[in-house]
Protein chains: 4
Amino acid sequence: MLIAGPCSITDKTQAFKIARFVKKQGATCFRGGLYKGQNHPIVNGKPEYLGIGNDGLIILQKIQEEVGLPCVCDAQTIEQASNILISDIEYLMIGARNMDNLALLRSVRKLYDNFKCSRKIILKRGPSATIDEWIGAAEHLGGPDRVILCERGTVHFDRTPKTRWRLDFVGVAQVKTYYPNYKVLIDPSHGSGDRNLVYNLSKAGLSIADGLMVEVHYDPDSSPTDANQTIDFNEFKKVVTLYKETTNGRKYQNKH
Amino acid sequence: MLIAGPCSITDKTQAFKIARFVKKQGATCFRGGLYKGQNHPIVNGKPEYLGIGNDGLIILQKIQEEVGLPCVCDAQTIEQASNILISDIEYLMIGARNMDNLALLRSVRKLYDNFKCSRKIILKRGPSATIDEWIGAAEHLGGPDRVILCERGTVHFDRTPKTRWRLDFVGVAQVKTYYPNYKVLIDPSHGSGDRNLVYNLSKAGLSIADGLMVEVHYDPDSSPTDANQTIDFNEFKKVVTLYKETTNGRKYQNKH
Amino acid sequence: MLIAGPCSITDKTQAFKIARFVKKQGATCFRGGLYKGQNHPIVNGKPEYLGIGNDGLIILQKIQEEVGLPCVCDAQTIEQASNILISDIEYLMIGARNMDNLALLRSVRKLYDNFKCSRKIILKRGPSATIDEWIGAAEHLGGPDRVILCERGTVHFDRTPKTRWRLDFVGVAQVKTYYPNYKVLIDPSHGSGDRNLVYNLSKAGLSIADGLMVEVHYDPDSSPTDANQTIDFNEFKKVVTLYKETTNGRKYQNKH
Amino acid sequence: MLIAGPCSITDKTQAFKIARFVKKQGATCFRGGLYKGQNHPIVNGKPEYLGIGNDGLIILQKIQEEVGLPCVCDAQTIEQASNILISDIEYLMIGARNMDNLALLRSVRKLYDNFKCSRKIILKRGPSATIDEWIGAAEHLGGPDRVILCERGTVHFDRTPKTRWRLDFVGVAQVKTYYPNYKVLIDPSHGSGDRNLVYNLSKAGLSIADGLMVEVHYDPDSSPTDANQTIDFNEFKKVVTLYKETTNGRKYQNKH
């Protein structure tokens, strides 16, 4: 899997422009966040950025239909999860900050069980979760038949102005070795906080993980969220080249 | 404040026995969890322990009325928070795993604003939250007029079989110095995982924080949750002696 | 023990001025570093600050004789350790960066054994050492009859521009509980990096540890090293007041 | 570079057997430790294992001459460093525990400067060192013309019985991006503590780093040190296959 797209969907034009580009290059899924929030309710004197919300659901639907890319969208509440499911968006994502939110995990599981839904859920690792805790959260959602894991960095003592979290490749290797039924992706955007590192981390990630999730924007600096870690179109082309050299990428090319 | 009680309320007899004891010794609040969960849905072949749930609300109500101790109870969902508020339980607590759950923080804030509720909310620090992120979460709930902070340990490289988290006293000192409008408690039970360390950490905690939250049980080993970190009645007496030597404790004694 | 003094001794006047002041207030030992160094060999275009070196040995000798305060000085090599021992400086200190330097620990042990030296060695905890590794290092030096431990902060994910390390009070409590033969000090200066936090951390430290080591200067901002974490004379007076309220401090006052 | 060999050299037969095997497979250097030590001076009632010491220097010399593999050996003291240099062993290594040992770094630099020695020094990253501190240590030794960096894992909150340290691939990417003059190796043995993870981490490592250092033994369980993280001959063959698929490996094959 090569999942690409902006951190936040800001409007239909932005979303389609990015979706069409990443599709053309060879991405297999489109990501775009609808429900956002910031550490403080007031940031630089303005209310926190909350995202486009439910208005974005139809944008993602149309990207699936018109661009032909299955979409990934994360939910922080069961209402948002229901909306995503009802809107036929292919992949629900549970973000890192909610990996420990057992109430959400349990109600999402019930939702999927009740609808006999066979779609996959992408579960990010919490920034302070051990591998055992991460697997436990995946079991709360229904286990390896339903869950795709995504490593997005854990807390670490070495911080730079950009780097809040660091990808844990040992953790990925532990999943591949000790929990081989799970697929695991790597998110080099959150996992470094620094767009200059995304290419190299994608390279290392693709060599052992089952895919990548990467934040891409035609004008990264204009992103309302995660600007520092979002790569531009040129850099994304290089990441796609890496992807196409991997087994997954080769299979994907053969099919398309 | 000296908040004491079991990790989980298992039945009325257990709760009253502990509440009466800690009240008699000098505790100022009673704690007891109703809504629980474990890392894995199945633990040692059995479904995870989920807590007594809503049935415990009336137990806490009666402890407030009959024992005369205000109670603390944590919520993981807005429904649980509403139940706690409607049941007139004095303190709502947001646990460490939900400090990052912005959706919950925002809906609890609305709940309290709508009811013009002047009660306090205890907000635990997330195990990977910086002080800035913790303060941000407190602002999401309404700031220092509504929120009492509680440090309960963060992740650390030095782990023993018992110790999963370590109390961060530098963080407490930062709150006292840079955010002096906030009250901050220390939870030496979660913050060490080890009942043998609770006394010494209570001593250090009482010297700089505004109070303690500590897990107490007449038979700690029988606790369904947090057994290792729960102290018995004798050990609690020693913690109370410490508390009574502090300024807060002296004020409390004068009033009683 | 209340050990106080500058991070680095820069000249005789500076050292005596601080030693006389801290002695008068009630400190029981004087600290002052002779052998320094920085992370990079060139810092802001200038060679790293290396400290006054062996020339400071006689200053410390004279402070012991004329001011009447036993001195603490750290060594990074066996030659420096020998010089400190031969100069009759009371306490040799092994700094955090050398706790893992087994070759140094072994040769210092031989030196002390060969001289049948009964003086104490202060061993700081390495910034990434577990309690077990710290105790192991103390055993390499000769165990609790020879070694006084000093907690000075470990690495942590929550960093501010000042705070590189955070005091680990759980670690101190573990030493007091599981290794009761060891004395353990707290260094709130290195353990917070922030002079505004030293008073509160001293308070918490004195409540459970056997003493304090604190960096003091009449003009902290002029210190060539550790300026941010060095307190001034007024702040030190407040720390002494705390110390005198503790058991150790009361014993000290009775003797003087 | 593909550096392979046992953690500790125990005797000539062991060293030659491993050296001949790894040479035949395609390793470009042989590693073998002579100077060892353990966290505690007494381990399970016996004195700590100290390694073969200076007696091993001639073994390494002969491996260079007779097997034709340049050797790597780490020093903890300047005397050991001199012995290694005088014995014509190609690579001196400074281990993780000594990255912060500025006195050692400075005296090694002088040694190399005085001898106008153009050999390379391998500098491991300390387990709590930031990238900036690691680069600073490299500058103390003489900078990128003399130093090859080796990432071997840093402390992390997620520990298993085997895993004490975790490889930091973000750190490696930072070196490649921000300090491109440095070569950087990855050590998946120390960086995971678990031989079952070495293959996958080697794969990720080879994709972005300049080489690997890996612990290999014909009977890993018999190693006096690092047994858990040492791979056997079969597993090493798989690592070599990875290596030969990389650019470095292809260059190496063309030359041989």
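Reading the values: the criteria
- Residues numbered from 1 in each chain as written.
- Chains lettered and ligands numbered in written order.
- Predicted model: local features only at pLDDT ≥ 70, side-chain atom pairs only at ≥ 80, totals over all residues.
- Heavy atoms only, no water.
- Contact = heavy atoms within 4.5 Å.
- Buried area = accessible area lost by both parts, 1.4 Å probe.
- Salt bridge = Lys/Arg side-chain N within 4 Å of Asp/Glu carboxyl O.
- Polar contact = N/O pair within 3.5 Å; in protein donor to acceptor, adjacent residues only side chain to side chain.
- Nonpolar A, V, L, I, M, F, W, Y, C, P; charged D, E, K, R; others polar.
- Least-squares fit on C-alpha atoms with pLDDT ≥ 70 in both.
- Helix = DSSP H or I, 4+ residues; strand = E, 2+ residues; numbered from the N terminus.
- Expected span 1.5 Å × (residues − 1).
- Buried < 20%, exposed > 50% of the residue type's maximum accessible area, 1.4 Å probe, protein only.
- Arc of directions from axis to C-beta.
- Pairing = 2+ DSSP bridges.
- Axes fitted to C-alpha atoms, helices over the stretch in contact; angles between N-to-C directions.

### A closer look at the interface of chain C and chain A
Counting residues at the interface gives six residues for chain C and six residues for chain A. With both chains or domains summed, chain C and chain A bury close to 470 Å², and 57% of this area falls on carbon and sulfur atoms. The largest contributions to the chain C side of the interface with chain A come from Val155, Phe157 and Arg159 of chain C, which together make up 86% of the buried area. Taken together, the connections running from chain C to chain A amount to zero salt bridges. For the interface between chain C and chain A, the tally reads two residue pairs in polar contact (both at pLDDT 80 or more). For the side of chain C that touches chain A, the residue count by class is two nonpolar, one polar and three charged.

### A short note on the relation of the copies chain D and chain A
By a simple turn and slide, chain D fits onto chain A: the slide is 0.0 Å along the axis, the RMSD is 0.0 Å, and the turn is 180 degrees. Both copies of the chain, as the preceding transformation shows, are related through a two-fold rotation axis. For chain D, the smallest separation between a C-alpha atom and the rotation axis is recorded for Ala204 of chain D, amounting to 2.3 Å.

### Here's the deal with helix H2 (residues 55–67) of chain D
Residue and element names in this part refer to chain D. The first and last C-alpha atoms of H2 sit 18 Å apart over 13 residues, in line with the 18 Å expected at 1.5 Å per residue. The complete set of buried residues in H2 reads Gly56, Leu57, Ile59, Leu60, Ile63, Gln64 and Val67. Looking straight down H2, one finds that the buried residues subtend no more than 165 degrees of arc, so they occupy a single side. In H2, the exposed positions that point more than 90 degrees away from the buried face belong to Asp55 and Glu65. Packed against the buried residues of H2 are helix H1 (12–25), strand S2 (29–31), strand S5 (71–74) and helix H3 (78–86). Phi turns positive one or two residues past the end of H2, at Gly68, with a value near 80 degrees.

### Observations concerning the side chain of Lys124 of chain A
Position of Lys124 of chain A relative to the elements: it lies in strand S7 (residues 121–124). In terms of polar contacts, Lys124 of chain A uses its side chain to reach the side chain of Asp187 of chain A, at 2.7 Å.

### Side note on the pattern of salt bridges
Counted by the stated rule, this structure contains 68 salt bridges over all chains. Here Glu133 of chain B makes a salt bridge to Arg164 of chain A, at a shortest N to O gap of 2.9 Å. Here the residue Glu133 of chain B occupies a position in helix H5 (residues 131–141), and Arg164 of chain A occupies one in the loop between strand S8 (147–151) and helix H6 (169–178), the pair thus bridging two chains. Across the pair Lys238 of chain C and Glu235 of chain C runs a salt bridge, and its minimum N-O distance is 3.4 Å. Remark: Glu235 of chain C and Lys238 of chain C occur in helix H8 (residues 233–245); sequence separation between them is three residues, near one turn of the helix. What makes Lys238 of chain C partly exposed here is its relative accessible area of 44%.

### So, the interface of chain D and chain A
By a widespread convention, an interface's size corresponds to the accessible area lost as its parts come together. Residue-level contacts link 36 residues of chain D with 36 residues of chain A. Buried area between chain D and chain A, both sides added, is near 2600 Å², and the carbon and sulfur share of it is 60%. Linking chain D to chain A there are four salt bridges. Residues Asp168 of chain A and Arg166 of chain D are paired through a salt bridge, measuring 2.5 Å at the closest nitrogen-oxygen approach.

### Focus on the relation of the copies chain C and chain A
Expressed as a screw transformation, the operator carrying chain C onto chain A has a rotation angle of 180 degrees and an axial translation of 0.0 Å, and the superposed copies differ by an RMSD of 0.0 Å. In this assembly, 100% of the residues forming the interface of chain C have copies in chain A that are likewise at the interface, indicating an isologous arrangement.

### Remarks on the sheet that holds strand S6 (residues 91–94) of chain A
Residue and element names in this part refer to chain A. With parallel pairing, the eight strands of this closed barrel are ordered in space as S1-S2-S5-S6-S7-S8-S9-S10. Going across the sheet, the axis of each strand differs from the next one's by a mean of 30 degrees, ignoring polarity. Alignment of strand S1 (residues 2–5) against strand S2 (residues 29–31), held across two bridges, turns out to be parallel. From the neighbouring strand, Ile3 faces S2, where its bridge partner is Cys29. Of the strands in this sheet, S1 and S2 touch helix H1 (residues 12–25), which is tilted by about 150 degrees from S2.

### Comments concerning the environment of Asn200 of chain B
Residues and elements named next belong to chain B. Structurally, Asn200 is set in helix H7 (residues 198–208). On the accessibility criterion, Asn200 (16% relative accessible area) is buried. The spacing of Asn200 and Val239 is 39 residues in sequence and 8.9 Å in space, taken between C-alpha atoms.

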